Amino acid sequence: MNRIVLVIDDDENILISMKSILGDYGYTVMTAKSAPEGLKTVKELEHELSLIITDLALPGGFDGFFIIDAVKDLETKIPIIMITAYGNVENAVKAMQLGAYTFLEKPIDTKVLLEQMNKAIEVGNLMKENVRLKKENLDISADKYRIIFQSEAMEKLLKNAEKYAKTDETVLITGESGTGKELVARFVLRASRRVGAPFIAFNAAAVTESLMESELFGYKKGAFTGADKNSPGLVGAAEGGTLFIDEIGDMPLSLQTKLLRFLESREYLPVGSSTPVHANVRIIAATNKNLEKEAEKGNFRQDLYYRLSTFILHIPSLRERKEDIPLLVKHFVEKASVEFGKEIVYPDHDTIKALVKQEWKGNVRELKGFVSRFVLTGSGLPSDKAETGSDTSSSRGAAVLSFRVGDKTLDEIEKIMLDATLKFTNGDKHETARLLGRSERTLYRKLSKDEEL
């Protein structure tokens, strides 16, 4: 543990005395006679200092309060003990409010000082460890949600995302299925002042209409059967942070009205309550639908669309950013190799060229799934279009299903059809729902039901 202490006082005798006394107890003592001189030492030894002891009254117009104010903005948290011959309750309260660990009056009782120093350094070490862990978690999160690109289209998109992130306004992210809308939402979060605050993701296509309101806005105890306690809902859980609503185009009109009210007032009513609740939550929405056209058809509220469309981030399809494919393949090969415990083997130049020519209708998600299969199975990357699912449906080789009437129940047959169609579309749920003639909400409900079985 570092035991380097900075003592700031304009009295030379006090500096000499503190250096001698604290030195006897194993501390390395640095000294300064003014605030500027002390801050110079802080700048040089920011990561080594364990504690600052400063007098309140210092020469040159910069007092001990100035020291506290300057140090609190540092990345490294350094505890401060304030000492003065002019102690009073007002100064003590002000010092503590500004961030001092404690306030001691002269003449200093050595025993009391040493006790307070030990406690302050212990607290300081905990604060530093907390900062380190928080930074480490952010670094891990940033790597997990890193956006891989070299195209001008993505560079332009992310520059706009950084600009929008500086505001607290709602952002609408549009793009085809599999383009990475949640990744861009998290990019906005990391560039905003809400970084480190909660990020709650909600898929409007995965929840039934009857449950969506209570899921989003929470409920009061007794509001309905099974509501045996209060629930804050996802909006309440995201307090101070960001709520990401994916597939907002699938949100029922009744819920759209309530979401619009929340966006305009930052207040909402939990199910079963008549008292509005205020929430400091930023909304980022995403959709693979054309909401403007959906609004014209009456499937989406126009006023909500206008409210959402102030800041729009449209993610280009992988077909529009083919120059990113080689980088993405390299990234996915490395990630999958670590995940599956395989030796890293990169595709050759000809294979990469073939992959760049593919359509990738499932976009980055489809490419990632394909590379993961390649790494896991060790099979060669295909030159034909059937493997990638990039051609028409006939070229993919649809599964042939057969079973006798009475051999299986309707639920079992339906599950076989669903599994076969998912395999056929390489896991693209949007395309699966389209081929089966079902809504994505119905598809998610059936998948959830299968997982429970």
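No experiment lies behind these values; they were computed from the predicted model shown.

K.L.:
Any chance you could break down helix α2 (residues 35-44) for me, citing the residues and the numbers?
P.N.:
Here α2 has its buried residues at Ala35, Gly38, Thr41 and Val42. Around the axis of α2, the buried residues are gathered within 125° of arc, so they sit on the same side. Exposed residues on α2 whose side chains face more than 90 degrees from its buried face are Lys40, Lys43 and Glu44. The secondary structure elements touched by the buried residues of α2 are β1 (4-8), β2 (28-32), β3 (49-55) and α3 (64-71). The residue sitting at the N-terminus of α2 and contributing the capping side-chain oxygen is serine 34; that oxygen lies 3.3 Å from the backbone nitrogen of glutamate 37.

K.L.:
Give me the lowdown on the confidence of the model for the chain, citing residues and values where you can.
P.N.:
Per-chain confidence: the chain averages 84 in pLDDT, with 87% of residues scoring 70 or above. Every residue in residues 382-398 scores below 50 in pLDDT, and together they form 32 contacts with partners more than four places removed in sequence or on other chains.

K.L.:
Describe the nonpolar core, with residues and values.
P.N.:
Core analysis: the biggest nonpolar cluster contains 30 residues, and Phe202, Leu243, Ile245, Ile248 and Leu308 have the highest contact counts within it. Residue assignment for this core shows that the elements contributing at least two residues are β7 (199-203), α8 (209-217), α9 (233-237), β8 (242-246), α10 (253-265), β11 (282-287) and α12 (302-308). With five residues, the single largest contributor to this core is α10. Not counting the four nearest positions on each side in its chain, isoleucine 245 is found in contact with Phe202, Ala204, Met251, Leu259, Ile283, Ile284, Ala285 and Ala286. Membership of the second largest hydrophobic core comes to 22 residues, among which are Leu157, Val188, Ile284 and Leu313.

K.L.:
Tell me what's going on with the layout of surface pockets, and back it up with residues and numbers.
P.N.:
Taken as a whole, the largest pocket encloses approximately 980 Å³ of empty space. Considering the residues around the largest pocket, the lining is formed by 38 residues, among which Gly178, Gly180, Leu183, Arg365 and Lys368 are closest to the centre. Listing elements by their share of the lining of the largest pocket, those giving two or more residues are α5 (110-144), α7 (181-190), α13 (325-340), α15 (363-377), α18 (429-436) and α19 (440-452). Tallying contributions element by element places α13 first for the lining of the largest pocket, with six residues. Along the lines of polarity and charge, the residues of the lining of the largest pocket split into twelve nonpolar, ten polar and 16 charged.

K.L.:
Please provide a residue-by-residue account of the pairing of β1, values included.
P.N.:
Across the five residues of β1, five count as buried, placing the element largely inside the fold. Of the two faces of β1, the one lined by Ile4, Leu6 and Ile8 and the one lined by Val5 and Val7 are each fully buried. Where β1 and β2 come together, five bridges link them in parallel fashion. Counterpart to leucine 6 in the pairing with β2 is methionine 30. Handedness of the crossover joining β1 and β2 through helix α1 (residues 12-24) is recorded here as right-handed. Relative to β3, β1 runs parallel, the two being bridged by five bridges. Pairing of valine 7 across the sheet is with isoleucine 53, part of β3.

K.L.:
Residue-level account of the pattern of salt bridges, with values.
P.N.:
One side chain can pair with another of opposite charge once the charged atoms of both are near each other. All told, the structure shown has 14 salt bridges when counted by the stated rule. Across the salt bridge formed by lysine 33 and glutamate 12, the nearest N and O atoms sit 2.6 Å from each other. In this pair, lysine 33 sits in the loop between β2 and α2 while glutamate 12 sits in helix α1, placing the two residues 21 residues apart along the sequence. Owing to a relative accessible area of 41%, lysine 33 belongs among the partly exposed residues under this scheme. Of the charged contacts in the structure, one is a salt bridge between lysine 106 and aspartate 55, with a shortest N-O distance of 3.3 Å. Of this pair, lysine 106 sits in the loop between β5 (102-105) and α5 while aspartate 55 sits in strand β3, and the two are 51 residues apart along the sequence. On the basis of relative accessible area, aspartate 55 is assigned to the buried category, the value being 5%.

About the cut-offs
Residues numbered from 1 in each chain as written. Predicted model: local features only at pLDDT ≥ 70, side-chain atom pairs only at ≥ 80, totals over all residues. Heavy atoms only, no water. Buried < 20%, exposed > 50% of the residue type's maximum accessible area, 1.4 Å probe, protein only. Helix = DSSP H or I, 4+ residues; strand = E, 2+ residues; numbered from the N terminus. Arc of directions from axis to C-beta. Contact = heavy atoms within 4.5 Å. Polar contact = N/O pair within 3.5 Å; in protein donor to acceptor, adjacent residues only side chain to side chain. pLDDT = per-residue confidence, 0-100. Core = buried A, V, L, I, M, F, W, Y, C linked by side-chain atoms within 4.5 Å. 1 Å grid on protein atoms, 1.4 Å probe; cavity = no way out; pocket = protein on both sides within 12 Å on 5 of 7 lines; lining within 4 Å. Points joined across faces, edges and corners; volume = space filled by probe spheres on them. Nonpolar A, V, L, I, M, F, W, Y, C, P; charged D, E, K, R; others polar. Pairing = 2+ DSSP bridges. Right-handed = clockwise from strand over helix to strand, strands pointing away. Salt bridge = Lys/Arg side-chain N within 4 Å of Asp/Glu carboxyl O.

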